[in-house]
Amino acid sequence: MATMVATFGDFSEEALTKAKFHLHLSFPSSSFAGRWKNVSLSANYLASFFETFYRSDAQFSPTQHSHLPEEFQSSISYVANELIENAVKFNFDKSSEIGLTVYYGEGQLIFLVCNSIEARDVTQFQKLLENITHGDLDELLISRMEENFLNSESDSASSGLGLLTIMHDHGAKLGWRFENVAGKPGLKLLTTMASLPMVRQPELIAV
Amino acid sequence: MLEIKNDGYQVWNDEVSETVFCAGSFRFNGVNEYQPIIDLFNSVASKSAQKLALDLSKLEFLNSSGINALSRFIISLRSRPQLQVTMKGSKKIAWQSKSLPNLVRLLPSLQLEYLD
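What you see is a predicted model, and the numbers here were worked out from it, not measured in a lab. (Residues numbered from 1 in each chain as written. Chains lettered and ligands numbered in written order. Predicted model: local features only at pLDDT ≥ 70, side-chain atom pairs only at ≥ 80, totals over all residues. Heavy atoms only, no water.)

(A) Representation of the overall build of chain A in the model. Looking only at helices and strands, chain A has six helices and six strands in total. Reading the secondary structure of chain A in the N-to-C direction produces β-α-β-α-α-β-β-α-α-α-β-β. Its C-alpha radius of gyration of 17 Å places chain A within 12% of the 17 Å reference for a compact globule of 207 residues. The principal-axis extent of the C-alpha atoms belonging to chain A is close to 50 × 40 × 35 Å. Here chain A holds 207 residues, and the buried ones make up 50% of them. Long-range pairs, those at least 24 residues apart, make up 73% of the contacts in chain A between residues at least 6 apart in sequence. Roughly 9,900 Å² of accessible area belongs to chain A as shown, and the carbon and sulfur atoms make up 55% of that amount. Counting 15 positive and 25 negative side-chain charges, chain A places the centres of these two groups 7 Å from one another. (Helix = DSSP H or I, 4+ residues; strand = E, 2+ residues; numbered from the N terminus. Rg over C-alpha atoms; globule rule 2.2 N^0.38 Å. Buried < 20%, exposed > 50% of the residue type's maximum accessible area, 1.4 Å probe, protein only. Contact = heavy atoms within 4.5 Å. Areas by Shrake-Rupley, 256 points an atom, 1.4 Å probe, with all protein chains shown as cover. Lys, Arg positive; Asp, Glu negative; His and termini not counted. Charge placed at Lys NZ, Arg CZ, Asp CG, Glu CD.)

(B) The pattern of salt bridges, seen in detail. Residues and elements named next belong to chain A. Applying the stated criterion to the full structure yields 14 salt bridges over all chains. The salt bridge involving Glu14 is made with Lys18; its shortest N-O contact spans 3.6 Å. The exposure class assigned to Glu14 is partly exposed, which follows from its relative accessible area of 47%. Classification of Lys18 by relative accessible area gives partly exposed; the value is 37%. (Salt bridge = Lys/Arg side-chain N within 4 Å of Asp/Glu carboxyl O.)

(C) Quick peek at helix 2 (residues 37–60) of chain A. Residues and elements named next belong to chain A. Between its terminal C-alpha atoms helix 2 stretches 36 Å, which fits the 34 Å expected from 24 residues at 1.5 Å a residue. Of all the bends in helix 2, the greatest measures close to 25 degrees and is centred on Glu51. Three or more residues of helix 2 are buried, namely Val39, Ser40, Ser42, Ala43, Leu46, Ala47, Phe50, Glu51, Tyr54 and Ala58. (Expected span 1.5 Å × (residues − 1). Bend = angle between axes of the 7 residues up to and from the residue.)

(D) Expanded view of the packing of aromatic side chains. All chains considered together, the criterion is met by 20 aromatic pairs over all chains. With a centroid separation of 5.9 Å and 10 degrees between ring planes, the pair formed by Phe21(A) and Phe50(A) is classed as stacked. Of this pair, Phe21(A) sits in strand 2 (residues 21–28) while Phe50(A) sits in helix 2, placing them 29 residues apart in sequence. The partly exposed category is assigned to Phe21(A), whose relative accessible area is 24%. In this structure an aromatic cluster arises from ring pairing among Phe21(A), Tyr45(A), Phe49(A), Phe50(A), Phe53(A) and Tyr104(A). When the ring centre of Trp12(B) is taken as reference, the NZ or CZ atom of Lys5(B) above it lies at 5.2 Å. It is Arg27(B) that lies over the ring of Phe61(B); its NZ or CZ is 3.8 Å from the centre. (Phe/Tyr/Trp six-rings, centres within 6.5 Å; stacked < 30°, edge-to-face > 60°. Lys NZ or Arg CZ within 6 Å of the ring centre and 35° of its normal.)

(E) Spatial organisation of the sheet that holds strand 1 (residues 5–9) of chain A. Residues and elements named next belong to chain A. Judged by pairing direction, the sheet is antiparallel, and its six strands sit side by side in the order 1-5-6-4-3-2 without closing on themselves. Of all strands in the sheet, those bounded by a partner on one side alone are strand 1 and strand 2. Averaged over all pairs of adjacent strands, the angle between their axes in this sheet comes to 15 degrees, without regard to strand direction. One ladder, built from five bridges, connects strand 1 with strand 5 (residues 173–180); its direction is antiparallel. Residue pairing for strand 5: Thr7 is matched across the bridge by Arg177. In the packing of helix 2 onto the sheet, the strands contacted are strand 2, strand 3 (97–104) and strand 4 (108–118), and the crossing angle to strand 2 comes to about 175 degrees. Packing against the sheet, helix 4 (residues 122–132) makes contact with strand 1, strand 4, strand 5 and strand 6 (187–197), and its axis sits at approximately 155 degrees to strand 5. (Pairing = 2+ DSSP bridges. Axes fitted to C-alpha atoms, helices over the stretch in contact; angles between N-to-C directions.)

So, in structure tokens, the structure goes:
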């Protein structure tokens, strides 16, 4: 019997239940067609919005918080931009929406992005995810860059690098969940989860 | 063409300082859309006997396709070992001290300097 749900990487909804609040954006797929600027507008909006909460929290416990507000804002912008770009690029069912929810959690900001993907791309994509979630991040990043240079035609390599930079450069954890779509065997629903830490002590970051 | 300027981003070569400047936000859709910028870099690199300086200190944002394009360009410079390559960044732009050091690992002779 085929697995109904598969997860990769760090995918846990437990942290979401402890979130103080969340912001949900839902875009028709067409929001971005020919309007690439909407990606940056959305990413920048999220970064500005959540920076205000982070800034006031960090004022109360500056040593606990891992980043200066500007630095944190910059990482939110990068992570959100990358997740939205990927969702737009790979969203297969153009009639469906792309959902983006950002949770202000305990010690972390958690992004959830949902989009449809083509079922026949799943195996290769899952191989990529296995690849980038096992091993030393430093080495994975550099070897991915070297591979990209050698295989300049490959587009999936590009996404691999984006995901690796989220983890390596910005310290976020990533996870993915694949679900079937009722009545549409050619599609899967992909949920990507990115957890960007806000505080220094690792025990405060729920896993 | 030694200058690319558009809404939100600029790339230009300054012959006096022998530096290629990148400023604004680079968010092109896919690595192929970075080709005109990479072509500009290559054009400057091929005309220089000894050095190439890239000033990214005013580059506020670079998406992963840009990191991909930049890393490929840096790797391609291995075939020009006579070129002394310098990259200038800014500590005030948070992504730079996170992402630019990775490029030094691709080309150990690359000099990475932060202007502030």
